[in-house]
Amino acid sequence: MGIFINMIISKSVTREEWEKVYEETLLLVKKFPFAEKRKIKIHDVDTICLVPTEERETTYRWNREKTQIGWNTVGDYTYMRTAENYYLPRNLVGDNKVEPEAGDAIFGALPAYLPYDWNDEKFNHVYQEWGAKTQGEPYHMYLLAIACLIEARLGTKAFTYGDITRGQCKKAVEIANEYLESPIEMPDRCDVKRFLKRVSQLPLSENEQLDVFEKFYLGTKDAAFGAYIRQSFSNEAIEAFWKQEFAGYKLGTIGFNDCFYNYMLWGFDLERLCGYVSFQYGEGNLKYDIFIKCVMDAKFHLVDKNCEDALKIDQEEEHPYGIWTLMAQFAFSGAKNKKVNRYIPIKEIRSALNAGIGDKCNVDEIIDAYLAKEAEQMKINIMDEDVSDEDFDMAIRQDPADAFHQVMEKTRENGLEKLEKYDINDYDDMIFYEKGDTMRPVLMKSLGGSRKFLDTALEEEEFSELMEEDSRRRCEWLIEQNRYFLMRDKDWEKIFADIEENKESFGRYYPLFRVRIESDGLMDMSIALLINDDLYAYSKELAEQEEE
């Protein structure tokens with residue numbers, strides 16, 4: 001599980017086309033805070049660290065005698081947040097390697113989302129350039145900006161997909177355009193008309209084109225999206241699409257519920273839906289009541305309903321989401337909001353279901369029983385200080401999505417309140433601490449207690465022995481002991497210079513290379529203590545307060 005950015009280049013791209021856009025990427029690389037991981041000499045000590053990304057010549061992993069020229073990045077130089085390596089070569093297109101008939105780069109992505117065979121020759125006329133994990137770290141947006149640049153310049157010869165949103169693409173384009181002489185637009189995927197035009201030119205059947213359009217369009221998919229599908233594709237293609245979609249899911253599963261949600265949100269016909277659904281449930285049993293409950297849980301019959309879903313990825317959100325978002329979607333799948341933002345009078349719901357399955361079950365009886373139970377439900381604010389355990393449990397049973405929404409809203413409000421109240425709200429903010437900044441009390445306590453504990457390491461015999469050695473040996477010792485810290489070249493430069501110029505400063509660094517770090521928070525605090533002088537001085541004040 002991870003957060004990916006994938007970029008595909010069609011083998012129809014020429015050497016001249018590629019080198020031209022590659023040169024533009026170098027302009028952005030110089031402006032963006034990309035970092036690569038390298039081993040370099042710092043004060044004549046071999047040091048693994050983060051350095052600013054730049055184009056350079058390297059050897060191939062599988063052939064040390066062969067070299068390549070390009071740039072790579074593993075994270076960002078500002079926050080020092082890293083994930084997996086992304087590489088872009090200068091010489092992507094070799095001599096006599098152009099395939100003019102290779103077609104749209106999107107072909108290289110189709111087997112990842114649609115039932116095509118990866119080994120089918122028609123999907124292999126591409127360069128699969130990027131496909132690593134960014135995990136939503138800060139360099140995610142800068143990589144996306146470069147991918148948007150490449151797609152804007154190469155048109156259908158490039159295609160970007162993965163864990164991205166339309167909002168991210170919009171922001172990435174804004175970031176790139178701050179430095180580009182010729183501005184770029186968002187990728188075709190982000191514009192419904194441009195993307196349909198691109199898809200309609202693919203050598204695929206209309207049914208396949210609809211598949212591609214629906215799966216790869218990047219934007220809010222709502223009633224307007226459904227209307228555009230009905231306007232742009234034949235009834236036969238739409239019919240085939242939904243038959244195929246529902247055929248893949250069993251009634252009552254998460255997949256079925258998601259498919260049902262999209263079908264109804266996009267404005268398709270409820271009566272016709274009855275013809276797409278397989279009502280078999282379990283070992284041969286036909287469960288029409290489960291389907292009717294699914295329809296009623298969508299609350300079409302209510303004009304006023306909360307359709308917000310805290311677990312749904314907002315396509316207009318510009319900030320990258322991380323691995324925790326995907327994990328939350330899995331862990332709290334039962335709290336997904338089933339309500340659909342569409343109103344259908346209860347009379348029409350009865351009519352549609354009776355026409356579709358009325359000869360198979362007593363539709364009205366099932367609906368009446370549902371409505372009677374619904375009428376008995378109470379609105380419960382589970383965040384109320386006086387709410388009882390019984391009411392809390394009842395709220396979750398009645399509407400887990402609403403209960404989850406209340407918790408998430410309260411959490412968001414508390415988070416915003418803390419952001420407004422303190423300058424330093426989390427461990428990863430500590431690296432930016434400046435004298436006089438306010439800090440959340442729980443972080444102050446953690447920082448002071450940690451400093452007090454760290455200082456006890458100065459009583460160790462090994463520390464006394466190292467203090468008798470020369471400064472070079474002390475610097476080498478830090479590198480030999482380093483198991484956790486991937487810092488920048490300039491940070492190591494500062495640390496080594498400090499040790500060489502001020503012997504006693506070694507007491508600041510020694511303890512941090514002796515402790516075991518078992519959480520991301522402690523890692524962030526430790527790096528901040530290593531490189532932020534103001535925070536280190538403040539930690540001493542807090543440690544002294546602990547002793548009082």
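Above: the structure in question.
Described in the following lines is the structure provided in the data block. (Residues numbered from 1 in each chain as written. Predicted model: local features only at pLDDT ≥ 70, side-chain atom pairs only at ≥ 80, totals over all residues. Heavy atoms only, no water.)

### A short note on the packing of aromatic side chains
This model, assessed by the stated rule, comprises 46 aromatic pairs. Ring plane angle 25° and centroid distance 6.1 Å describe the contact between Phe-159 and Tyr-161, whose orientation is recorded as stacked. Phe-159 gets classed as buried once you look at its relative accessible area, which sits at 0%. Judged by centre distance (6.0 Å) and plane angle (0°), the ring pair of Phe-463 and Phe-506 falls under stacked. Taken as a pair, Phe-463 in helix H18 (residues 461–467) and Phe-506 in helix H21 (residues 506–509) lie far apart in primary sequence, 43 residues in all. One exposure class covers both Phe-463 and Phe-506, and it is buried. One Lys or Arg, Arg-474, reaches over the ring of Phe-506 and ends 6.0 Å from the middle of that ring. Taking NZ or CZ as reference, Arg-508 lies 4.6 Å from the ring centre of Tyr-536, over its face. (Phe/Tyr/Trp six-rings, centres within 6.5 Å; stacked < 30°, edge-to-face > 60°. Buried < 20%, exposed > 50% of the residue type's maximum accessible area, 1.4 Å probe, protein only. Helix = DSSP H or I, 4+ residues; strand = E, 2+ residues; numbered from the N terminus. Lys NZ or Arg CZ within 6 Å of the ring centre and 35° of its normal.)

### Quick word on the environment of Glu-137
Here Glu-137 shows up in the loop between strand S7 (126–130) and helix H3 (139–154). Glu-137 sits in the buried class, given a relative accessible area of 19%. Taking the C-alpha atoms as reference points, Glu-137 and Gly-322, separated by 185 residues in sequence, lie 7.5 Å from one another. Discounting residues that sit within four places of it in the chain, Glu-137 has contacts with Arg-81 and Thr-82. (Contact = heavy atoms within 4.5 Å.)

### Here's the deal with helix H22 (residues 520–531)
Taking 1.5 Å per residue as the helical rise, H22 with its 12 residues ought to reach 16 Å, and the 17 Å between its terminal C-alpha atoms agrees with that figure. Within H22, 10 of the 12 residues are buried, leaving the element largely enclosed by the surrounding structure. Along H22, the residues that are buried comprise Gly-521, Met-523, Asp-524, Met-525, Ser-526, Ile-527, Ala-528, Leu-529, Leu-530 and Ile-531. (Expected span 1.5 Å × (residues − 1).)

### A word on unusual backbone geometry
Phi at Gln-135 is positive, roughly 55°, even though this residue is not glycine. Gln-135 sits in the partly exposed class, given a relative accessible area of 25%. At Lys-299, a residue that is not glycine, the phi angle is positive and equals roughly 60°. If you trace the backbone, Lys-299 turns up in the loop between helix H11 (288–297) and helix H12 (323–331).

### Quick look at the packing of helix H9 (residues 254–265) against H11
Think of two packed helices as two axes; the pair is described by the angle between the axes and how far apart they sit. Following both chains from N to C, one finds H9 and H11 inclined at 50°, their axes separated by 11 Å at the closest point. Taken together, the axes of H9 and H11 lie oblique to each other. The element H9 and its partner H11 pack so that their crossing is right-handed. For the pair H9 and H11, contact is made by Phe-256, Asn-257 and Phe-260 and by Phe-291, Cys-294 and Val-295, respectively. (Axes fitted to C-alpha atoms, helices over the stretch in contact; angles between N-to-C directions. Parallel < 35°, antiparallel > 145°, perpendicular 65-115°, else oblique. Left-handed = near helix turned anticlockwise from the far one by under 90°.)

### Things to note about the pattern of salt bridges
In total, this model carries 40 salt bridges according to the counting rule given. Between Arg-198 and Asp-104 there is a salt bridge, with its nearest N and O atoms 2.8 Å apart. Of this pair, Arg-198 sits in helix H5 (residues 192–200) while Asp-104 sits in the loop between strand S6 (82–89) and helix H2 (110–113), and the two are 94 residues apart along the sequence. A relative accessible area of 4% places Arg-198 in the buried class. Of the charged contacts, one joins Arg-472 and Glu-476 as a salt bridge, the two residues approaching to 3.0 Å between their closest N and O atoms. (Salt bridge = Lys/Arg side-chain N within 4 Å of Asp/Glu carboxyl O.)

### Quick word on helix H6 (residues 206–216)
Buried within H6 are the following residues: Gln-209, Leu-210, Asp-211, Val-212, Phe-213, Glu-214 and Phe-216. Buried-residue contacts for H6 involve H2, strand S8 (158–162), H5, helix H7 (223–232) and helix H8 (235–247).

### Describing the sheet that holds strand S1 (residues 5–10)
Spatially, three strands are ordered S7-S1-S8 in an open sheet, and the strand pairing comes out antiparallel. Strands with a single pairing partner mark the edges of an open sheet, and in this sheet they are S7 and S8. Across this sheet, the average inter-strand angle for adjacent strands is 25°, counted without regard to direction. Note that S1 and S7 share four bridges and pair antiparallel. For Ile-8, the partnering residue across the bridge sits in S7 and is Gln-128. (Pairing = 2+ DSSP bridges.)

### A closer look at the side chain of Glu-374
Turning to its location among the elements, Glu-374 is positioned in helix H14 (residues 363–376). With sequence-adjacent residues up to four places away left out, Glu-374 is seen in contact with Lys-299, His-301 and Leu-302.

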